[in-house]
Amino acid sequence: MARAFLFVLDSFGIGGAADAERYGDAGADTFGHIVKACADGRADRQGLRSGPLAVPNMMSLGLGLAARTATGLGIDAPLVASAFHGAAQEVSSGKDTPSGHWEIAGLPVRFDWGYFPDTVPAFPAELTDAIVREGKLPGILGNCHAPGTAIIERLGEEHIRTGKPICYTSVDSVLQIAAHETHFGLERLYELCLTVRRLVDPLKIGRVIARPFVGETPATFQRTHNRRDYAVPPPEPTLLDRLTGRGSKVIAVGKIGDIFAHRGISEVRKAGGNMAMFDKALGAVDDARDGDLVFANFVDFDTEFGHRRDVAGYAAALEAFDRRLPEALSRIGPGDLLILTADHGNDPTWPGTDHTRERVPVIGIGPGLKGGDIGLRPTFADIGETVADHLGLATGRHGTSFLATIGGHA
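The rules we used
Positions within a chain are numbered from 1, following the residues in the order the chain's sequence is written. This being a predicted model, a pLDDT of at least 70 is required before a residue's local features are given, and a value of 80 or more before pairs of side-chain atoms are given or counted; all residues contribute to the totals for chains, interfaces and linings. Side-chain measures were taken over the full set of non-hydrogen atoms in the model, leaving aside hydrogen atoms and water. Side-chain rings of Phe, Tyr and Trp, where Trp is taken by its six-membered ring, are said to pair if the distance between their centres is within 6.5 Å; with planes under 30 degrees apart they count as stacked, over 60 as edge-to-face, and otherwise as tilted. Exposure classes here rest on a 1.4 Å probe applied to the protein chains alone. A residue is buried below 20% of its type maximum, exposed above 50%, and partly exposed in between. Two limits define a charge over a ring: the Lys NZ or Arg CZ must be within 6 Å of the ring centre, and within 35 degrees of the ring normal. Each helix is a run of DSSP H or I of at least 4 residues and each strand a run of E of at least 2, with the numbering of both proceeding from the N terminus. Any residue with an atom within 4 Å of a point lines the site, the site being either a cavity, points on a 1 Å grid over the protein atoms alone where a 1.4 Å probe fits but cannot get out, or a pocket, an open set with protein on both sides within 12 Å along at least 5 of 7 lines. Grid points are joined across faces, edges and corners, and a volume is the space filled by probe spheres set on the points. Gly is placed with the polar residues, together with every amino acid not listed as nonpolar (Ala, Val, Leu, Ile, Met, Phe, Trp, Tyr, Cys and Pro) or charged (Asp, Glu, Lys and Arg). We call a set of buried Ala, Val, Leu, Ile, Met, Phe, Trp, Tyr and Cys residues a nonpolar core when their side-chain atoms join them within 4.5 Å. Residues are treated as being in contact if the distance between any of their heavy atoms lies within 4.5 Å. Pairing between two strands requires that DSSP report at least two bridges joining them. Place the viewer so that the strands point away; then a crossover is right-handed whenever the path from the first strand over the helix to the second strand goes clockwise. Whenever Lys or Arg places a side-chain nitrogen within 4 Å of a carboxyl oxygen from Asp or Glu, that contact is recorded as a salt bridge.

The next point concerns the packing of aromatic side chains. In the structure shown here, the tally under the stated rule is 15 aromatic pairs. Where Phe213 meets Phe221, the ring centres are 5.3 Å apart and the plane angle is 80°; that geometry is what we call edge-to-face. With respect to burial, Phe213 and Phe221 carry one shared label: buried. Among the aromatic residues, ring-to-ring pairing joins Phe7, Phe12, Phe31, Phe278, Phe298, Phe301, Tyr314 and Phe321 into one connected group. Between Arg188 and the ring centre of Phe184, over which it is positioned, the NZ or CZ distance is 4.0 Å. Cation over ring: Arg228 sits above Tyr190, and NZ or CZ is 3.8 Å from the ring centre.

Given below as structure tokens:
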């Protein structure tokens with residue numbers, strides 16, 4: 001029985017990107033800097049966590065060795081049988097979610113996304129006018145680069161009073177729209193995002209994101225888990241298309257379906273928060289059959305801790321994930337392949353609030369395989385091609401399988 005499980009720890013980079021300087025991220029290292037902060041006592045928080053970072057299960061799969069591959073600095077730890085470890089360098093343009101995930105799924109992004117300038121206003125006047133006109137709105141608020149939680153705190157009350165949605169962007173190729181779930185309406189927000197998705201297509205904007213929130217005052221405003229991403233469809237078939245095209249099932253956990261514009265997806269399972277998402281992932285593992293792929297994204301690392309530059313929160317989230325990892329490992333048997341990786345970095349010690357260009361870990365296990373060191377992979381697409389190889393697909397256009405390196409079939 002051949003099944004595959006891809007777990008993406010959203011933003012869990014391990015530093016060392018060869019082109020980090022181009023992005024202003026030379027020296028960024030999400031994992032390494034969290035480890036150091038924990039060791040120095042700078043990630044202690046009463047009632048949450050304290051002391052050195054404790055992720056023994058990921059270390060037993062080779063996380064510390066993967067970090068050494070990425071940066072030259074790592075941590076030795078005993079490995080479990082059949083574990084493999086390495087790092088991967090992104091070749092896609094940008095350091096955003098779609099680029100990272102598409103490349104993981106065997107399709108590097110070779111074109112340049114469109115971006116909005118860090119000015120006020122950030123959006124072209126003709127786009128703003130079209131949003132207001134076609135969305136039947138009294139106007140918009142924001143129209144700038146901003147962290148999501150901060151702009152909701154600043155403009156949430158005005159939004160409720162005026163009915164104007166909060167529109168903002170970042171260094172990513174994205175236009176985000178925040179609106180109150182009840183005062184504005186959740187379905188109305190989704191419909192607006194669909195309209196805006198069409199309007200920004202000529203600008204090559206990667207995603208329009210619905211950011212619903214609740215509460216009545218800045219102190220009580222809170223984003224909900226009803227976020228929805230409206231992404232550009234991949235320009236070529238991905239691993240997901242290749243699998244569903246031959247009749248296999250792709251179970252998407254978390255925002256994976258949104259990232260791929262729901263193309264090549266058999267089923268979507270969502271939940272709020274990493275631990276609820278882990279429950280969904282375990283259920284998908286139980287339900288997967290021969291030839292199937294479970295593709296899961298754990299977004300809290302990025303949205304709740306990376307962007308908020310919350311080192312203690314990020315460390316605690318890693319430890320919580322690691323504590324549950326044995327539940328997944330207990331479900332993996334001969335013929336299965338589990339890979340843990342990331343789509344980009346988001347170093348919580350780094351200036352600003354945006355993603356960081358980093359290499360990512362490629363660690364995992366295939367019971368019955370010899371495992372070992374897969375080295376530095378020149379593209380995330382090697383991950384997708386390895387999964388394709390494992391599940392018996394023909395070789396794709398991008399990436400090179402490392403399955404033979406870890407003892408699988410050539």
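Right, let's get into unusual backbone geometry. Of note, the bond from Val120 into Pro121 is cis; its omega dihedral lies within 30 degrees of zero at 5°. Relative to the assigned elements, Pro121 resides in the loop between α4 (97–104) and α5 (125–134). At Ser82, a position not held by glycine, the phi torsion is positive, near 75°. Within the fold, Ser82 resides in the loop between α3 (63–71) and β2 (83–88). Judged by relative accessible area, Ser82 falls into the buried class, the value being 12%. If you check the backbone angles, Lys136 has positive phi at about 55° while not being a glycine. Note that Lys136 resides in the loop between α5 and β3 (141–145). Residue classification places Lys136 among the exposed residues on the basis of a relative accessible area of 70%.

Moving on, we get to the layout of surface pockets. For the largest pocket, the calculated volume is near 510 Å³. For the lining of the largest pocket, the secondary structure elements donating two or more residues are α6 (148–162), β6 (207–214), β7 (222–223) and α11 (300–306). Across the lining of the largest pocket, the residue classes tally to six nonpolar, nine polar and eleven charged. Within this model, the second largest pocket holds a volume of roughly 360 Å³.

A few words now on the nonpolar core. Core analysis: the largest hydrophobic core is formed by 87 residues, its most contacted members being Phe7, Met58, Leu293, Phe295, Leu318, Phe321 and Leu340. The element contributing the most residues to this core is helix α12 (residues 311–329), with nine residues. In this view, Phe7 contacts Ala281, Val285, Ala296, Phe298, Phe321, Ala328, Leu338, Ile339, Leu340 and Thr341; residues no more than four positions away in its chain are not counted.

Taken across its eight residues, β6 has seven buried, putting it largely inside the fold. Pairing analysis gives seven bridges linking strand β5 (residues 174–180) to β6, with the strands arranged parallel. Paired with Gln176 across the two strands is Ile209, which belongs to β6. Following the chain from β5 across helix α7 (residues 181–200) to the adjacent parallel β6, one finds a crossover that is right-handed. Of the pairings in the sheet, the one linking β6 to strand β8 (residues 228–231) comprises four bridges and is antiparallel in character. When the sheet's bridge partners are listed, Ile209 is paired in β8 with Asp229. The pairing of β6 with β7 spans two bridges and is antiparallel. Counterpart to Val214 in the pairing with β7 is Gln222.

A few words on the pattern of salt bridges. Counting across every chain of the model gives 26 salt bridges. The partner of Asp241 in a salt bridge is Arg263, with the nearest N and O atoms 3.0 Å apart. Placement of the pair is Asp241 in helix α8 (residues 239–245) and Arg263 in the loop between α9 (256–259) and β10 (267–269), with a sequence separation of 22 residues. Glu267 is the salt-bridge partner of Arg269, the closest N and O atoms lying 2.7 Å from each other. Take Arg269: its relative accessible area is 16%, and that puts it in the buried class. Residues joined by salt bridges that share partners form a network here, namely Asp19, Glu90 and Arg357.

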